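Listed here are the chains, written in short residue letters.
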Amino acid sequence: MNLNKNQFKEDYKKRLILTFAQTPTEASPEHKYLALGKLIRDYLSETWAETNTFYTKKEVKQIYYFSMEFLIGRLLNTYLLNLDIRETVQDGLKDLGIDLDELLALEPDPALGNGGLGRLAACFMDSLASLGFPGHGCGIRFKHGLFTQKIVNGYQKELLNNWLKEDFLWEIKKPEKSVTVKFGGNVTLTKTHEGLEPIYSGCEEIVAVPYDMPILGSSKEIVNTLRLFSAELPDEDIDLSGLQKGDYQKYIDKKYAVEAISQVLYPDDSSFSGKLLRLKQEYFFVSAGLQTILRRYKEMKQPIHRFPDFIGVHINDTHPAIAVGELMRLLLDEEGLDWDSAWDITVKTLAYTNHTILAEAMEKWPYDMFKKTVPRILMIVEEIDRRFCEEVSKKYDGDPNKINSMRIINYGEIRMANLAIIGSHSVNGVAKIHTEILKNRELKDFYLLYPEKFNNKTNGITHRRWLKNANPELYKLVTENSGPECIEDTNKFINFLKCINDDAVLEKLDKIKLKNKEEVVKFVKRNYNIDINPFSIFDVQIKRLHGYKRQLLNVFHIIYLYNQLKENPELDIVPRTFFFGAKAAPSYYLAKNIIKLITSVAQVVNNDPAIRNKIKVVFLENYGVSIAELIIPAGDVSEQISTASKEASGTGNMKFMMNGAITLATLDGANVEIYDEVGDDNMVIFGLTSSEVMDLEKNRSYNFREYLDSNPILQRVIGQLKDGTFSQNHDEFKDVLNHIFGEGDPYFVLKDFSAYVKAQEQINALYENKKGWLQMSLVNIAHSGKFSSDNSIKKYAEDIWHIKRVKRDE
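The structure reproduced in this document is the subject of the present report.

So, how was this worked out
- Residues numbered from 1 in each chain as written.
- Predicted model: local features only at pLDDT ≥ 70, side-chain atom pairs only at ≥ 80, totals over all residues.
- Heavy atoms only, no water.
- Helix = DSSP H or I, 4+ residues; strand = E, 2+ residues; numbered from the N terminus.
- Rg over C-alpha atoms; globule rule 2.2 N^0.38 Å.
- Buried < 20%, exposed > 50% of the residue type's maximum accessible area, 1.4 Å probe, protein only.
- Contact = heavy atoms within 4.5 Å.
- Areas by Shrake-Rupley, 256 points an atom, 1.4 Å probe, with all protein chains shown as cover.
- Lys, Arg positive; Asp, Glu negative; His and termini not counted.
- Charge placed at Lys NZ, Arg CZ, Asp CG, Glu CD.
- Pairing = 2+ DSSP bridges.
- Salt bridge = Lys/Arg side-chain N within 4 Å of Asp/Glu carboxyl O.
- Expected span 1.5 Å × (residues − 1).
- Arc of directions from axis to C-beta.
- Polar contact = N/O pair within 3.5 Å; in protein donor to acceptor, adjacent residues only side chain to side chain.
- Axes fitted to C-alpha atoms, helices over the stretch in contact; angles between N-to-C directions.
- Parallel < 35°, antiparallel > 145°, perpendicular 65-115°, else oblique.
- Left-handed = near helix turned anticlockwise from the far one by under 90°.
- Nonpolar A, V, L, I, M, F, W, Y, C, P; charged D, E, K, R; others polar.
- 1 Å grid on protein atoms, 1.4 Å probe; cavity = no way out; pocket = protein on both sides within 12 Å on 5 of 7 lines; lining within 4 Å.
- Points joined across faces, edges and corners; volume = space filled by probe spheres on them.
- Core = buried A, V, L, I, M, F, W, Y, C linked by side-chain atoms within 4.5 Å.

Digging into the overall build of the protein chain
So, step 1. From N to C terminus, the protein chain includes 33 helices and 23 strands.
So, step 2. Here the C-alpha atoms of the protein chain give a radius of gyration of 27 Å, agreeing with the 28 Å that 2.2 N^0.38 yields for 810 residues.
So, step 3. Viewed in the frame of its principal axes, the protein chain has a C-alpha envelope of about 90 × 75 × 60 Å.
So, step 4. Within the protein chain, buried positions represent 60% of all 810 residues.
So, step 5. Taking the intrachain contacts of the protein chain between residues at least 6 apart in sequence as the baseline, contacts between residues at least 24 apart amount to 76%.
So, step 6. Within the structure as shown, the protein chain displays about 32600 Å² of accessible surface, and the carbon and sulfur contribution to it stands at 48%.
So, step 7. Side chains of the protein chain carry 103 positive and 113 negative charges; the gap between the two charge centres is 1 Å.

Structural notes on the sheet that holds strand E14 (residues 409-410)
So, step 1. An order of E13-E15-E14 is seen for the three strands of this open sheet, with the pairing classed as antiparallel. Lying at the two open borders of the sheet, with one neighbouring strand each, are strand E13 (364-366) and E14.

Brief notes about the pattern of salt bridges
So, step 1. The tally for this structure, following the rule as stated, stands at 49 salt bridges.
So, step 2. The closest approach of N and O atoms between Arg612 and Glu570, which form a salt bridge, is 2.5 Å. Here Glu570 lies in the loop between helix H22 (551-567) and strand E19 (576-581) and Arg612 lies in the loop between helix H23 (589-606) and strand E20 (615-619), a separation of 42 residues in the sequence.
So, step 3. On the basis of relative accessible area, Glu570 is assigned to the exposed category, the value being 52%.
So, step 4. Sharing partners across several salt bridges, the network here consists of Asp340, Glu383, Arg386, Arg387 and Glu390.

Notes on helix H1 (residues 5-20)
So, step 1. Helix length check: H1 (16 residues) gives 22 Å between terminal C-alpha atoms against 22 Å at 1.5 Å per residue, within 8%.
So, step 2. Those residues of H1 that sit buried are Phe8, Lys9, Asp11, Tyr12 and Leu16. Mapping the buried residues of H1 onto a view down its axis gives an arc of 165°, with all of them on the same face. Within H1, the exposed residues directed more than 90 degrees away from the buried face are Asn6, Lys14 and Leu18.
So, step 3. Against helix H2 (29-58), helix H4 (86-95) and helix H5 (100-104) lie the buried residues of H1.
So, step 4. One side-chain oxygen at the N-terminal end of H1 lies 3.2 Å from the backbone nitrogen of Asn6; it belongs to Asn4.
So, step 5. A positive phi of about 55° marks Ala21, the residue just after H1.

Observations concerning the environment of Phe733
So, step 1. Following the sequence through the fold, Phe733 ends up in the loop between helix H29 (712-719) and helix H30 (734-741).
So, step 2. Among the residues examined, Phe733 registers a relative accessible area of 0% and is labelled buried.
So, step 3. Taking C-alpha positions, Phe733 is 33 Å from Val672, a pair spaced 61 residues apart along the chain.
So, step 4. Beyond its immediate stretch of four places on either side in the chain, Phe733 contacts Asn593, Lys596, Leu597, Ser600, Leu721, Phe726 and Ser727.

Here we look at the packing of helix H9 (residues 272-299) against helix H11 (residues 323-334)
So, step 1. With their axes 10 Å apart at the nearest point, H9 and H11 run at an angle of 40° to one another. Relative to H11, H9 is oriented oblique. Considering how the two elements wind past one another, H9 and H11 form a crossing that is right-handed. When H9 is examined against H11, the residues Tyr283, Val286, Ser287, Leu290, Gln291 and Leu294 are found in contact with a partner set consisting of Ala323, Glu326, Leu327, Arg329 and Leu330.
So, step 2. Looking at the contact of H9 with H11 residue by residue, the classes come out as seven nonpolar, two polar and two charged.

Some remarks on the sheet that holds E19
So, step 1. Pairing is parallel across the open sheet formed by six strands, whose spatial order is E20-E19-E18-E21-E22-E23. The open sheet is flanked by E20 and strand E23 (684-685), the only strands paired with a single partner.
So, step 2. Sheet analysis places strand E18 (residues 537-542) next to strand E21 (residues 637-640), joined by two bridges and oriented parallel. Bridging from a neighbouring strand, Asp539 pairs with Val637 of E21.

Observations regarding empty space enclosed by the protein
So, step 1. Under the definition given, this model contains four cavities of 30 Å³ or more.
So, step 2. Going through the elements one at a time, helix H3 (76-82), helix H6 (116-131) and strand E9 (204-216) are the ones with two or more residues in the lining of the largest cavity.
So, step 3. Examining the composition of the lining of the largest cavity, we find that four residues originate from one element, H6, more than from any other.
So, step 4. Split into classes, the residues belonging to the lining of the largest cavity amount to seven nonpolar, two polar and three charged.
So, step 5. One number sums up the size of the second largest cavity: a volume of about 70 Å³.
So, step 6. Forming the walls of the second largest cavity are Lys543, Lys549, Gln640, Ile641, Ser642, Glu647, Ser649, Gly650, Asn653, Asp668 and Asn671.
So, step 7. In terms of residue class, the lining of the second largest cavity is made up of one nonpolar, six polar and four charged.

Section: the nonpolar core
So, step 1. Ranked by size, the top nonpolar core spans 150 residues in total, and within it Tyr12, Leu36, Ile40, Phe284, Phe370 and Trp801 carry the most contacts.
So, step 2. Counting residues per element, this core draws most heavily on H9, which supplies 11 residues.
So, step 3. Ignoring sequence-local partners within four residues, the contact set of Leu36 consists of Phe8, Tyr12, Leu76, Val89, Leu93, Leu100 and Leu103.
So, step 4. Ile151, Ile641, Val693 and Leu721 belong to the second-largest nonpolar core, a separate cluster that totals 65 residues.

Following this line, the structure appears as structure tokens:
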């Protein structure tokens, strides 16, 4: 964008006056921030409108990425960078007595996601726009999203996340584009001369109001759209006479019940009402999204049978899998197609990404709940299931085991992963090893039936946010030494390897890391009043808290190390600061107990003068994108220690790698592909392999007591969880102890413990060789370009979506 400083200053002052009737000297910091954001939105809105017009005029195929989460993070700085106007804006504001960084800090973190699933969706949106692919996002405009985490006396407390208390400056409400989504009631099929017509009665109708957000990539000439739906009560459902008579409570109750659909992300599904709300959320945004897509397609005046030539819909995990039934409903009921034609269009349109091998994460809905909530969809799913069972029966001579393993409806449940596989033309895993596990174990029967559907697309991250935005000095160092072409092609990061023996570059790399660590030191002191050493090893594990991610293994090692230092304060180790950042699902009591253990260990370790500050433990409260952008550039060690075979891919591993951290990992998920790139000399690997874990599980041959009884170090660590070392309440960590003793250590924490201790000792030894460590860091950065989401998106576009990059000047 061509913008000089004087023009910006005039535009900004005008925007302040038009929006708030204030000058820069009169405006509050919040008004200054909002005026700047609105001005930047003005700058890109013309391109946004032109992009939509171009797509329609050129009739290009467009992809719609359906995801429950879009963890987009703050956008203002990203858009300033993508428009190439950050320095101009910073200088112009400085002339007006305004600090840009202070305004950037005022932007809220949109609470539209939880972890890797949402960050991946956000990275994909960035890459689609940056590469010039016509692709959009579709989800829910969560008013409160995931909870705000507060640590009180070491316990996680969930508070309301009120991120939308002020208008979100990037969104534009489009009430004229609203659609109606129907729930419940009764549906009967009536014969007509054209076939069967569904007759609805007693349905609950909810208005889905779209809020559009521009997605600007680095290409500057393409602005795609993230459309998020908010649930509202229809105007006709408002009883004005009742309100006039003072009957407010009935109105409030009904309004709240409707709006609950777009209030919180992942309501607690341990209760019937919470599970029902999740189902309604998923159908709500899928139905709304497909209705608006179909409406726009019909405006193109193309025949309905060509729908897959112009439209692709991607199902990001099983949350939007109900799209199979809903697209069939629209084609059958609204467009009047016969079953075979509708099914052909549906399968050609939809593609599905599986993100897990954990059975608990492959959604299943109780039959009766599904029937009561979406009765017409159930009718369609039952028919899909009936026809599929016939297909399988013919192929396998009526083998009931094959039928039961793959059918959609079984044992009183609707299996959404099965529906997604059957109703899509593509099924992909998100790392090589994950895809192989799906093909050879978890979804083996489906793979044997539909081998042509299965493919791998390893996850990726956008370097524009996780390097250029989060670590600008490192980005400058890499691009200056890798050639200008690496700005758009991260595969050229590999050219950075030529600096492996360049002492000047290594020194700059060291200084950049230290500067980033010093920023974290200030943050930790300001927020937690903990003094940490910037010259210590920053050992970081930040990710959703779950048993298989093994934060427990990490904290057990910290307890062991603390014991070592208590016995020998002169122990020769490099000072270490352990960082954790994680939220636990409100009903996941083990995860919440692990948080309490981490914070209790931190309280003891951080305040024990006997260990001479050689180790510190910091729990980063309310971990999210903004904290990640602070801690990832400062990390020395990236903890990727999940139980092998359980992590689908991971993307935190890639972010740390791109910022020069050394990965300490099991061979799980994308760690395997990182290892393939950097090898033994530049990564620390430990623990069971995926095949070893799966053999132990299959044979049920793991006995945790063998490892506990033969390891006095482990016995002491476990004993300290109940002897008062970390809590005067000896039952404080009963959920953790039950996980070991009652559940039998299902994620092999005890079995991998000794190997993990040795790996940590290897980290210590490697770090003592300063130059060697910096060279390892450089190697990781150089190889990280492979894991750019740009590369992932190019493969999706070519192999699954069959879309092409566009340029508006063509």
